[in-house]
Amino acid sequence: MTLTEDEMTQAQPDAALEIGKDRRRKEDQRLITGRTRWTDNLVLPGMLHLAMVRSPFAHATITKIDTSLAKAAPNVVTVITGAEVADEQGGLPNAWPITPDQVTPNHPPIAVDRVVFAGEIVAVVAARTAAEARDAAELVDVDYEELPAALDLKEAAAATPENGGALAHPDLGTNRSALWRFDSAEAGTGGNVDEAIARARTEGIVIEREYRQQRLIPAFMEPRSTVVDPTGEQITMWSATQIPHILKFLLAAVTGVSESKIRVIAPDVGGGFGGKLQTTPEEFITFLLARRLGKPVKYTETRSESLMAAHHGRDQWQKLTLSADKEGRVTGFKVELLADLGSHVSLVGGGVPVLGAFMFNAIYKFPSYRFHVQTVLTNKTWTDAYRGAGRPEATYAVERIMDELAAEVGVDPLEIRERNWITHEEFPFTTVAGLEYDSGNYEAATARAKELFGYDELRVEQRARREAGDRVQLGIGVSTFTEMCGLAPSRVLGSLDYGAGGWEHASVRMLPTGKVEVLTGASAHGQGHETAFSQIVADRLGVAFEDVEVLHGDTMVSHKGLDTYGSRSLVVGGEAIVRAADKVIEKARPIAAHLLEASADDLEFKAGRFSVKGTDQGMAMAEVALATFAAHNLPDGVEASLDSEATFDPVNFNYPHGTHLCAMEVDTETGQVRMRKYAACDDVGNIINPLIVSGQLHGGLVQGISQALWEEAVYDDSGTLVTGSFVDYLLPTSADTISFDLDHTTSPATTNSLGTKGVGEAGTIASTPAVVNAVVDAVRHLGVNDVRMPCTPERVWRAIAEARGGAARGGGQAETLGAAAPHFDESTGMEGTVDRTTGGSDA
């Protein structure tokens, strides 16, 4: 659907209506006063508790499990091993096989004869209390025969049975899962990238870099918890999940239990960030044990279990080759990735880098582009979506290398971007990756961000510090991003072999009292759905904000939906609600006309009231609702119900964008970094609730900044996670961050009637390259062109020291004329070497 100019104007927020108001979230009073419905709060009669016995080894054969002492422990009901349930436990599903020949190892919830990551479940204890279950789990005696572990991503990609490299799954004979490619010349969306790069070697500029996306842990506030009650007509599962509807479907598909006999409830969920976009071993185990024992069963993970065994995110090596003319206009971009899947191909883990494939061209008019990703199995915790899912990785890569291009050409980083970006007059614009960007104004967002930031003044200060040779140098980082979100178009997802659609469903019930119930398939875990959806419906139906109740997260109440991820709740789920509300109005129209003794064509509906054109006759929607309920005087053939449903499946993604600017101070003697200022101007289309948008942006910014400066999941040489607690896995507090200066411009989306765009991932996507660009900018004059994330004082200090020693670390300088063309290295799935001048990045 494409809106006309008149419709676009109608989609603009009206300050007199609910849309556009800074409404405090309806949910917050309950949440902050402790009246929450967390899964772990549930207590059912006769409920048993589970504890998991987990492998301490990354890769080992299970030679013996002795459960006798555990079974004899006080109040233990049963202990089971993988071998005992091998025929009934099934395997965890992969919903996105990215190629037909993808290598996908079986993923049993409980390991049967071999473990493939440290933290994998090998036995389960059920007892009458959680403490007794944990104590008994300590008594389970497991003998292992340790095997070589595939831990290093590049080494794992190169390993074969012939060269003796460690294989994560020796029976598969390879660690390579899938190789996915996109080429603009083959797709007909652009030119030949090899020709562009070859031409630039003699006539322009070629820059090669290699960047590391470190492994991250979602670290949601509420650990995962699951309760299953098998004692009713249905088996009811409560789970701290982002995807209750998908979980219900997959439970039925794996276990053979009819969908009609399964009810999944996601009560209050304490954060997810993609980390709860998963069907977990623990959910399937709890479901299995509850059915076996005929009793309610609960499992709640500890924080250390969450960090060790809940899925991780990111973890890529990115090799980039960018060609440009001498003025810095890009002519070609080639991207080669190695992506660490961890031990298994998880629900959508293989597809995460594929999402990024469409965003490496970002806001730019690149004329040629090639992307390929080799996904690789290792003996580490499996990876999947983490806030942004592929798009932060892509944005980081392109925004880092655009800074490198600016440095090579000798112009300001914002100027190099302006030479390459899509201008606002060019929308809608079809990119070299084949997507159609419907709306945007990068010039306006950048101008406002510069104003907020004091860009020119900070550049003056930076020059003064450099000229004075100050110990503490100032760096200015730029990130001009866009993202594809509102993950939805079912046809597009189908073309990428994704296993589900992208539609969303909603129901709107007009109650006899004039109040409204909204049922949505989107499932909140901190986004503010109840508030924003209430604002939309209040305006659409002309009822009070307080009179709208939003119901979600229960597959019996809201029976149809595809849940929450990919910044899709508002732009897909919200549009479904709008369409259902409009159907309510249209169902009410003939009833109101009949009661007013007027033609339905003569009625206007505005601010919750039907009026006869040219008269003062009218009646409120609440009056129509009551009259419909009573059904004493309805037109012939009209049913006594205003309730309506709608399913919305957009024809395109959604493209928010923004310009983020960061100032970092770097102590050149110690490597210590300090954030001086951060300003951003985002364009998320029309805004329903500015307060919620601000909260989403602030939270997203901190997560992206945290990747740049603090977070990293680290394994030792044996495959043990050494950042398995918040003592070692660093997360920022409010004391570690500063106040951000934020504003927005508005380019309404043309693919939904509200004109809205997604915002849930924007801050995370944009902020990481802005921060790292600032750190590098502070020390570039010393010969540094990269610092590997997180930019710890030690890494910054080492990069400076090594640069002063004669070689810039982290990706090297732009190629000079006449350099040899790269060759494809079949051992790793990446072409050639990254940096012929320094031998690569290790800073």
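Residues numbered from 1 in each chain as written. Predicted model: local features only at pLDDT ≥ 70, side-chain atom pairs only at ≥ 80, totals over all residues. Heavy atoms only, no water.

**Details of the overall build of the chain**
Heads up, the rule is: Runs of E in the DSSP output that reach at least two residues are strands. Runs of H or I that reach at least four are helices, and both are numbered from the N terminus. As a reference, a globule follows 2.2 Å times the number of residues to the power 0.38, and the radius of gyration itself is taken over C-alpha atoms. Buried residues are those whose accessible area, probed at 1.4 Å on protein chains only, stays under 20% of the maximum for their type, while exposed residues exceed 50% and partly exposed ones sit between those limits. Any two residues whose heavy atoms approach within 4.5 Å at even a single point are treated as in contact. Shrake-Rupley sampling with a 1.4 Å probe provides the accessible areas, and residues are treated as covered by the protein chains on show and by no other component. Positive residues here are Lys and Arg, negative ones are Asp and Glu, while His and the chain termini are left out of the count. The atom standing in for a charge is NZ when the residue is Lys, CZ when it is Arg, CG when it is Asp and CD when it is Glu.
The helix and strand inventory of the chain stands at 22 helices and 30 strands. A globule of 843 residues ought to have a C-alpha radius of gyration of about 28 Å, and the chain, at 28 Å, matches this closely. Its C-alpha atoms give the chain principal-axis dimensions of roughly 90 × 75 × 50 Å. A total of 843 residues make up the chain; the buried ones form 60% of that total. Of the contacts formed within the chain by residues at least 6 apart in sequence, a portion of 79% connects residues at least 24 apart. Entry remark: accessible area of the chain is about 30,400 Å², with carbon and sulfur atoms responsible for 50%. Mean positive and mean negative side-chain charge positions of the chain (76 and 117 charges, respectively) differ by 2 Å.

**Focus on the side chain of Gln707**
Tracing the sequence through the fold places Gln707 in helix α20 (residues 690-709). On the basis of relative accessibility, which here comes to 2%, the residue Gln707 falls in the buried class. Ignoring anything within four residues of it in the chain, the contact list for Gln707 reads Gln213, Gln214, Leu216, Arg314, Thr768, Met789 and Pro790.

**Comments concerning the sheet that holds strand β24 (residues 618-620)**
Heads up, the condition is: A strand pair is defined by DSSP finding two or more bridges across the two strands. Inter-axis angles, ranging from 0 to 180 degrees, are taken between N-to-C directions of lines fitted to C-alpha atoms, where helices are fitted over the stretch in contact.
Spatially, three strands are ordered β22-β23-β24 in an open sheet, and the strand pairing comes out antiparallel. The open sheet has two edge strands, β22 (603-606) and β24, and neither has a second partner. Neighbour-to-neighbour, the strand axes of this sheet turn through a mean angle of 20 degrees, independent of strand direction. In the sheet, β22 pairs with strand β23 (residues 609-612) via four bridges, with the strands oriented antiparallel. Following the sheet pairing, Phe605 is matched in β23 by Phe610.

**Some thoughts on the nonpolar core**
This is how the line gets drawn: Side-chain atoms within 4.5 Å are what join buried Ala, Val, Leu, Ile, Met, Phe, Trp, Tyr and Cys residues into a set we call a nonpolar core.
Grouped together as the largest cluster of nonpolar side chains are 93 residues, with contacts concentrated most on Trp180, Phe333, Phe360, Tyr369, Phe371 and Tyr678. Residues Ile19, Ala532, Val578 and Ala588 belong to the second largest nonpolar core, which totals 46 residues.

**Quick word on the pattern of salt bridges**
What counts, and what does not: Throughout this description, the term salt bridge denotes a Lys or Arg side-chain nitrogen within 4 Å of a carboxyl oxygen of Asp or Glu.
Taken as a whole, this structure holds 55 salt bridges when the rule is applied. As a salt-bridge pair, Arg471 and Glu669 come within 3.6 Å of each other at their nearest N and O atoms. Linking Arg471 in the loop between α15 (455-468) and β18 (472-482) with Glu669 in the loop between β26 (657-667) and β27 (673-683), this pair joins segments that are 198 residues apart in sequence. Judged by its relative accessible area of 40%, Arg471 falls in the partly exposed class. The salt bridge partner of Arg579 is Glu575, with a shortest N-O separation of 3.0 Å. With Arg579 and Glu575 both in helix α18 (residues 569-596) and four residues apart, this pair spans about one turn of that helix. A network of salt bridges, in which partner residues are shared, links Arg54, Arg224, Glu282, Glu301 and Glu305.

**Quick notes on the pairing of β27**
Within β27, eight of the 11 residues are buried, leaving the element largely enclosed by the surrounding structure. Pairing geometry for β26 and β27, over 10 bridges, is antiparallel. Residue Ala663 lies in a different strand from β27, and its bridge partner there is Lys677. Connecting the antiparallel pair β26 and β27 is a turn made up of five residues, with Gly671 showing a positive phi of about 80 degrees. Across five bridges, the pairing between β27 and strand β28 (residues 741-745) is parallel.

**Some points on the packing of helix α8 (residues 244-255) against helix α9 (residues 281-293)**
Condition: Angles are sorted into four bins: roughly parallel if under 35 degrees, roughly antiparallel if over 145, roughly perpendicular if 65 to 115, and oblique for all others. Helix crossings are classified by the rotation of the near helix relative to the far one: an anticlockwise turn of less than a right angle makes the crossing left-handed, while a clockwise turn makes it right-handed.
Remark: α8 packs on α9, axes separated minimally by 11 Å, with the N-to-C direction vectors making an angle of 60 degrees. In terms of axis orientation, α8 runs oblique to α9. Where α8 crosses over α9, the two elements pack in a sense that is right-handed. Touching Leu247, Leu250, Leu251, Val254 and Thr255 of α8 are Glu283, Phe284, Phe287 and Arg291, all from α9.

**Some thoughts on the packing of aromatic side chains**
Basically, it comes down to this: In this analysis, rings of Phe, Tyr and Trp, with Trp reduced to its six-membered ring, are considered paired at centre separations within 6.5 Å, and the interplanar angle assigns stacked below 30 degrees, edge-to-face beyond 60, and tilted for intermediate values. We call a charge positioned over a ring when the NZ of a Lys or the CZ of an Arg lies within 6 Å of the ring centre and within 35 degrees of the ring normal.
Per the counting criterion, the structure on display carries 16 aromatic pairs. Ring plane angle 40 degrees and centroid distance 6.0 Å describe the contact between Phe182 and Tyr369, whose orientation is recorded as tilted. Remark: Tyr369 occurs in strand β15 (residues 369-377) and Phe182 occurs in strand β7 (residues 176-183); sequence separation between them is 187 residues. By relative accessible area, Tyr369 is classed as buried at 0%. Of the aromatic side chains, those joined through ring pairs into one cluster are Trp180, Phe182, Phe333, Phe358, Phe360, Tyr364, Phe366, Tyr369 and Phe371. One cation-aromatic arrangement involves Lys154 over Trp317; the distance from NZ or CZ to the ring centre is 4.1 Å. Sitting over the face of the ring of Trp503, Lys560 holds its NZ or CZ atom 5.5 Å from the ring centroid.

**A few points about the environment of Leu151**
Within the fold, Leu151 resides in the loop between β6 (141-146) and α5 (153-158). For Leu151, a relative accessible area of 16% corresponds to the buried category. For Leu151 and Gly719, which are 568 residues apart along the polypeptide, the C-alpha to C-alpha distance reads 6.6 Å. Once residues lying within four places of it in the same chain are set aside, the contact partners of Leu151 are Thr378, Asn379, Lys380, Asp716, Asp717, Ser718 and Gly719.

**Topic: helix α21 (residues 762-779)**
Every α-helical turn comprises 3.6 residues, leaving residues that sit three or four positions apart pointing alike. Here is the rule: Expected span, for any helix, means 1.5 Å times one less than how many residues it has.
For α21, built from 18 residues, the straight-helix expectation of 26 Å at 1.5 Å per residue is met to within 8% by its first-to-last C-alpha distance of 27 Å. By the criterion of burial, α21 is predominantly enclosed, with 18 of the 18 residues buried.

**A look at helix α19 (residues 621-630)**
Threshold: It is the directions from the helix axis to the C-beta atoms whose arc is reported.
Residues Met621, Val624, Ala625 and Thr628 constitute the buried set of α19. Angular distribution of buried residues about the axis of α19 spans 100 degrees; they occupy a single face of the element. Each element contacted by the buried residues of α19 is listed here: β19 (504-510), α17 (529-541), α18, β22, β23 and β24.

**Focus: the sheet that holds strand β1 (residues 48-54)**
Read from one edge of the open sheet, seven strands run β3-β5-β1-β12-β9-β10-β11, paired in mixed fashion. Either end of the sheet is taken by a strand with one partner, and the two such strands are β3 (76-81) and β11 (262-265). This sheet shows a mean twist of 20 degrees between the axes of neighbouring strands, independent of strand direction. Lying over the sheet, helix α4 (residues 130-137) contacts β1, β3 and β5 (121-127), oriented at roughly 25 degrees with respect to β1.

**Focus: unusual backbone geometry**
The omega angle of the peptide bond from Phe427 to Pro428 is -5 degrees, so this bond is cis rather than trans. Counting through the fold element by element, Pro428 comes out in the loop between α13 (413-420) and β16 (429-430). Going from Met789 to Pro790, the amide bond is cis rather than trans, its omega being -10 degrees. At Ala389, a residue that is not glycine, the phi angle is positive and equals roughly 45 degrees. Structurally, the position occupied by Ala389 is in the loop between β15 and α12 (391-409).

**Side note on the packing of α20 against α21**
Spelled out, the test is: For this classification, Asp, Glu, Lys and Arg are treated as charged, while Ala, Val, Leu, Ile, Met, Phe, Trp, Tyr, Cys and Pro are nonpolar and the rest, including Gly, are polar.
Two numbers describe how α20 lies on α21: the axes approach to 7 Å, and their chain directions differ by 40 degrees. In terms of orientation, α20 lies oblique with respect to α21. The two elements α20 and α21 cross, and the hand of that crossing is right-handed. Here Leu697, Gly700, Leu701, Gln703, Gly704, Ile705, Gln707, Ala708 and Leu709 of α20 come into contact with α21, specifically with Ala762, Gly763, Thr764, Ser767, Thr768, Val771 and Val772. For the contact of α20 with α21, a count of residues per class yields eight nonpolar, eight polar and no charged.

**Regarding the pairing of β5**
Summarising burial for β5: seven of the seven residues are buried, a large majority. Pairing between β1 and β5: six bridges, direction antiparallel. Among the inter-strand pairings, Ala51 is bridged to a residue of β5, identified as Val125. Where β3 lies against β5, five bridges are found, and the strand directions are antiparallel. Its bridge partner lying in β5, Thr81 is registered against Ala123.

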